[in-house]
Amino acid sequence: MILDEAWRLSPSVALRPEPFGALAYHFGNRKLTFLKRPELVRVVEQLADHPDVRSTLDAVGVPEGQHPAYAAALEGLADADMIRPRSEEDR
Amino acid sequence: MKLVEHFESGLDAPICLTWELTYACNLECAHCLSSSGRRDPRELTTEQCEAVIDELQRMQVFYVNIGGGEPTIRPDFWHLLEYAVNHQVGVKFSTNGVRITPERAAFLASPACGGYVDVQVSLDGATAEVNDRVRGPGSYDTAIRALANLRDAGFADAKISVVCTRENIGQLDAFAALAEEYGATLRLTRLRPSGRGADVWDELHPLPEQQRELYDWLMARGEGVLTGDSFFHLAAFGEALPGLNLCGAGRVVCLIDPVGDVYACPFAIHEEFLAGNVLTGGGFQRVWQDSPLFADLRSPQTGGACAQCAHYDGCRGGCMAAKFFTGLPLDGPDPECVQGYGEHSLNELSLAGARSIPAASQDHSRAVPTRNQPVLLKLMTRPPARPPVSDCAENPLAGWTP
Ligand code: SF4
Ligand code: SF4
């Protein structure tokens, strides 16, 4: 369950703020992804500052009812290597 | 607001920026979108190009499509390529292959390029016969040699970039086989009546039944084939093709030309779509964010005659440049509207003697043909730098060439 795991933004990814949220560009696989809500951008940016995804969502103020939707969005980002699981050394 | 509406109202920086580095070219393709041939003496200097790259880095334009002319014949091309890559601006460049020697191919595959460089080799026929008629004698061999050099150097995933025409639609499978052979990805794009393309569009653009063939092929075999989002007007055949499916001109797309002029789209090199120049105060960012032309393109469009069409959501009236350069109204159907409305309008205009094609506002074609001139260009009935003529033009000398 991704909500209980520790993640971070992938080091090859840059975020460009846009009115709708942000563009995420992966310099390695050259994938371009749209983060379609400002809250999702904040979540992605702050993943590394919190012990797990759930506490990041709480910190950003995402209501619990929306956690599953955010978890799904983050899993999509993980598939494109936009975010990565944090290993032990990162902690 | 849906994402597509955000795109329509414009982003803080382009997603798909094309930068043509030079108007000089070793070839004289009959359909060249930028009417290239001769270098323009006002082309940006190396320092000016570096300043543009610095600005793109600041604006977080993550990659740029470099083209021309033939960009690799600029002596500082390889330097600028490295400069961009070192400034977090990835490069995808289009070439006819002329300078992709084994040494250059090895450089492109090397860590110096860090995987930030994509190479697109243009090929408009899967056989020399079909390709060279449009691109000129020897151009097929040049492109194939470049692809072989890239493959042999271990450069992964070059692109074979094909402009789809009446003469090569029947070769789609053969193109796919070529891509396979050279470990490349196939990229298919639309022929647009821009630049010298305006002169050959009538005889080269795919026929209605070929549009259908192309659409069906993309549906059946299109996975892994890139289209640069160029065929969204075919969405009206049924299912939408993957991509943004809207005209991005001035919204998410734009062009910087060799002299630093900024146009709404690489296929819209005409003063009507000129937004400014990167050398003026404020640079590219000012032009992108503040130009009145771009503000206009980003304002809500009505759809005009297309608004009633059941396919408008997918097709959105098609390509602005294609309409403009065939003389159709910008808020009506695309000349290749799959419902046939565009063709109908073109016929009506022609019958009424009112089809007027906008005059080119720049032309860097060679004044004197070289041995590289393609047969199609030789056969051309209209002179390349034609005056703004319609059948009802008032000038008694209209259409007359000495
Ligand atoms: S003008 Fe045509 S080519 Fe240019 S962005 Fe619009 S649809 Fe694409
Ligand atoms: S009428 Fe307009 S929207 Fe409908 S298919 Fe033709 S070009 Fe597209």
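Thresholds, definitions, all that
- Residues numbered from 1 in each chain as written.
- Chains lettered and ligands numbered in written order.
- Predicted model: local features only at pLDDT ≥ 70, side-chain atom pairs only at ≥ 80, totals over all residues.
- Heavy atoms only, no water.
- Pairing = 2+ DSSP bridges.
- Helix = DSSP H or I, 4+ residues; strand = E, 2+ residues; numbered from the N terminus.
- Axes fitted to C-alpha atoms, helices over the stretch in contact; angles between N-to-C directions.
- Parallel < 35°, antiparallel > 145°, perpendicular 65-115°, else oblique.
- Left-handed = near helix turned anticlockwise from the far one by under 90°.
- Contact = heavy atoms within 4.5 Å.
- Core = buried A, V, L, I, M, F, W, Y, C linked by side-chain atoms within 4.5 Å.
- Buried < 20%, exposed > 50% of the residue type's maximum accessible area, 1.4 Å probe, protein only.
- Arc of directions from axis to C-beta.
- Buried area = accessible area lost by both parts, 1.4 Å probe.
- Salt bridge = Lys/Arg side-chain N within 4 Å of Asp/Glu carboxyl O.
- Polar contact = N/O pair within 3.5 Å; in protein donor to acceptor, adjacent residues only side chain to side chain.
- pLDDT = per-residue confidence, 0-100.

Colleague: Looking at this structure, I do not really get the sheet that holds strand β2 (residues 13-18) of chain A. What am I missing?
Modeller: Working definition: the strands of a sheet are paired by backbone hydrogen bonds and lie parallel or antiparallel to each other. Residues and elements named next belong to chain A. Taking strand neighbours across the sheet as the criterion, the three strands line up as β2-β3-β4 in an open arrangement whose pairing is antiparallel. Two strands in the sheet have a free side with no partner beyond their single neighbour: β2 and β4 (32-35). In this sheet, neighbouring strand axes are inclined to one another by 25° on average, regardless of whether the strands run parallel or antiparallel. For β2 and strand β3 (residues 21-26), the ladder comprises six bridges, and the chain directions are antiparallel.

Colleague: Quick question: what am I supposed to make of the sheet that holds strand β2 (residues 63-67) of chain B here?
Modeller: All names here are of chain B. Read across the sheet, nine strands follow the order β6-β5-β4-β3-β2-β1-β7-β8-β9 without closing on themselves; strand pairing throughout is mixed. A single partner strand is all that each edge strand has here, and the edge strands are β6 (185-190) and β9 (274-277). The sheet shows a mean angle of 25° between the axes of neighbouring strands, taken without regard to direction. Of the pairings in the sheet, the one linking strand β8 (residues 261-263) to β9 comprises three bridges and is antiparallel in character.

Colleague: Explain the packing of helix α1 (residues 38-46) of chain A against helix α3 (residues 67-79) of chain A here, please?
Modeller: When two helices pack together, their arrangement is given by the angle between the helix axes and by the axis-to-axis distance. Residue and element names in this part refer to chain A. Taken N-terminus to C-terminus, the directions of α1 and α3 make an angle of 60°; their axes are 12 Å apart at the nearest point. In terms of their interaxial angle, α1 and α3 are classed as oblique. The two elements α1 and α3 meet at a crossing, and its hand is right-handed. In this structure, α1 contributes E39, L40, V43 and V44 to the contact, and α3 contributes Y70, A73, L74 and L77.

Colleague: Got a minute to help me understand the nonpolar core in this structure?
Modeller: Burial of nonpolar side chains together is a common tendency in soluble globular proteins. B:F93, B:L108, B:L186, B:L188 and B:F284 are the most contacted members of the largest nonpolar core, which has 102 residues in total. The residues touching B:F284, leaving out its near neighbours within four places in the chain, are B:P14, B:L17, B:E55, B:L56, B:M59, B:C254, B:I256, B:V262 and B:V278. Membership of the second largest hydrophobic core comes to 24 residues, among which are A:A22, A:V41, A:V43 and A:L77.

Colleague: So what exactly am I meant to see when it comes to helix α7 (residues 172-181) of chain B here?
Modeller: Residue and element names in this part refer to chain B. Burial in α7 covers these residues: L172, F175, A176, L178 and A179. Considered in projection along α7, the buried side chains sweep an arc of 160° and stay on one side of the axis. On its buried face, α7 sits against α6 (139-152), β5 (159-164), β6 and α9 (208-221). Looking one or two residues past α7, G183 carries a phi angle of roughly 60°, positive in sign.

Colleague: Explain helix α3 (residues 77-86) of chain B to me, please; I cannot follow it from the model alone.
Modeller: Each turn of an α-helix holds 3.6 residues, which means side chains three or four residues apart point in the same direction. All names here are of chain B. Among the ten residues of α3, seven are classified as buried, and the element is accordingly described as predominantly covered. The set of residues buried in α3 consists of F77, W78, L80, L81, Y83, A84 and V85. Packing partners of the buried residues in α3 comprise α2 (46-59), β2, β3 (90-95), α4 (102-109) and β4 (117-122). Downstream of α3 by one or two residues, Q88 has phi in the positive range, about 55°.

Colleague: What is the right way to read the interface of chain B and chain A from this model?
Modeller: Reports of interface size often rely on the accessible area that becomes lost once the parts have come together. Between chain B and chain A, the residue contacts involve 18 residues of the former and 14 residues of the latter. Summing the contributions of chain B and of chain A, the shared interface buries around 1,500 Å²; its carbon and sulfur component is 65%. The three residues of chain B that bury the most area against chain A are B:L3, B:Q60 and B:F62, which together make up 37% of that side's buried surface. Connecting chain B to chain A are one salt bridge. Its salt-bridge partner being B:D118, residue A:R30 comes within 3.2 Å of it at the nearest N-O pair. For the pair chain B and chain A, the interface holds six residue pairs in polar contact (both at pLDDT 80 or more). Put simply, the parts of the chain that give the side of chain B that touches chain A at least two residues each are α1 (3-8) and β4 of chain B.

Colleague: Please explain the confidence of the model for chain B as it appears in this structure.
Modeller: Reading fine detail from the predicted coordinates is not recommended where pLDDT is low. Residue and element names in this part refer to chain B. For chain B, per-residue confidence averages 89 on the pLDDT scale, and 94% of positions sit at 70 or higher. The low-confidence segment residues 381-402 (pLDDT under 50) makes 26 contacts with residues lying over four places distant or belonging to another chain. Both scores are available for the predicted complex, with the pTM at 0.88 and the ipTM at 0.83.

Colleague: Even after reading the chapter, I still don't get the pairing of β3(A), so can you show me in this structure?
Modeller: Along any regular strand the residues' side chains alternate between the sheet's two faces. Residues and elements named next belong to chain A. Within β3, six of the six residues are buried, leaving the element largely enclosed by the surrounding structure. With four bridges joining them, β3 and β4 adopt antiparallel strand pairing. If you follow Y25 over to β4, its bridge partner there is L32. Remark: five residues form the turn of the hairpin made by β3 and β4, two consecutive strands paired antiparallel; R30 in that turn has positive phi of roughly 55°.

Colleague: I tried to follow the side chain of B:H205 on my own but got confused; where do I start?
Modeller: Residues and elements named next belong to chain B. Here H205 shows up in the loop between α8 (197-204) and α9. Judged by relative accessible area, H205 falls into the buried class, the value being 12%. Within polar-contact distance, the side chain of H205 engages the side chain of E336 at 2.8 Å. What H205 contacts, discounting residues up to four positions off in sequence, is R166, L191 and E336.

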